[in-house]
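Results of the structural survey
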Amino acid sequence: ARLAARKRALLMGEVHVDDIRFAAEQDNCFPISPNAWGAVFREKCWEKTGEYRQSEHPSNHGHASPVWRLKE
């Protein structure tokens, strides 16, 4: 998931947890804990853009999560 997040951020300039989650689920990849999705952005190379987006994933019930970018 971290590799997918980096690729998306390099390609698009930013990434949201839904982007990673939908990509992982298409590859039939599911973490043991749902809290693992947010852990993707715990590395020091990530920073919040200041923007928040509502999640489109049904289990998140529209929760707003930050949009991330790689630090320069």
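Before going into details, it helps to say that this report is about the structure given with it. Predicted model only: the values in this text are computed from it and were never measured. (Residues numbered from 1 in each chain as written. Predicted model: local features only at pLDDT ≥ 70, side-chain atom pairs only at ≥ 80, totals over all residues. Heavy atoms only, no water.)

This paragraph deals with the layout of surface pockets. If you add up the space inside the largest pocket, you get close to 340 Å³. Lining the largest pocket are 14 residues, and of these Val 17, Asn 35, Trp 37, Gly 38 and Ser 65 sit closest to its centre. For the lining of the largest pocket, the secondary-structure elements that each account for two or more residues are helix H2 (17-26), helix H3 (36-39) and strand E3 (64-70). Here the lining of the largest pocket gets 3 residues from one element, more than from any other, and that element is E3. Along the lines of polarity and charge, the residues of the lining of the largest pocket split into 6 nonpolar, 5 polar and 3 charged. (1 Å grid on protein atoms, 1.4 Å probe; cavity = no way out; pocket = protein on both sides within 12 Å on 5 of 7 lines; lining within 4 Å. Points joined across faces, edges and corners; volume = space filled by probe spheres on them. Helix = DSSP H or I, 4+ residues; strand = E, 2+ residues; numbered from the N terminus. Nonpolar A, V, L, I, M, F, W, Y, C, P; charged D, E, K, R; others polar.)

Locating Phe 22 in the fold gives a position in helix H2. Since its relative accessible area comes to 34%, Phe 22 is described here as partly exposed. C-alpha separation for the pair Phe 22 and Met 12, spaced 10 residues apart in sequence, amounts to 16 Å. Other than its neighbours up to four places away in sequence, Phe 22 contacts Glu 56 and His 57. (Buried < 20%, exposed > 50% of the residue type's maximum accessible area, 1.4 Å probe, protein only. Contact = heavy atoms within 4.5 Å.)

Secondary-structure assignment places Glu 14 in the loop between helix H1 (2-12) and strand E1 (15-16). C-alpha separation for the pair Glu 14 and Cys 45, spaced 31 residues apart in sequence, amounts to 13 Å. If sequence neighbours within four positions are ignored, Glu 14 has contacts with Arg 8, Ala 9, Thr 49, Glu 51, Arg 53, Val 67 and Trp 68. Within the structure, the side chain of Glu 14 is placed 2.3 Å from the side chain of Arg 53, a separation counted as a polar contact. (Polar contact = N/O pair within 3.5 Å; in protein donor to acceptor, adjacent residues only side chain to side chain.)

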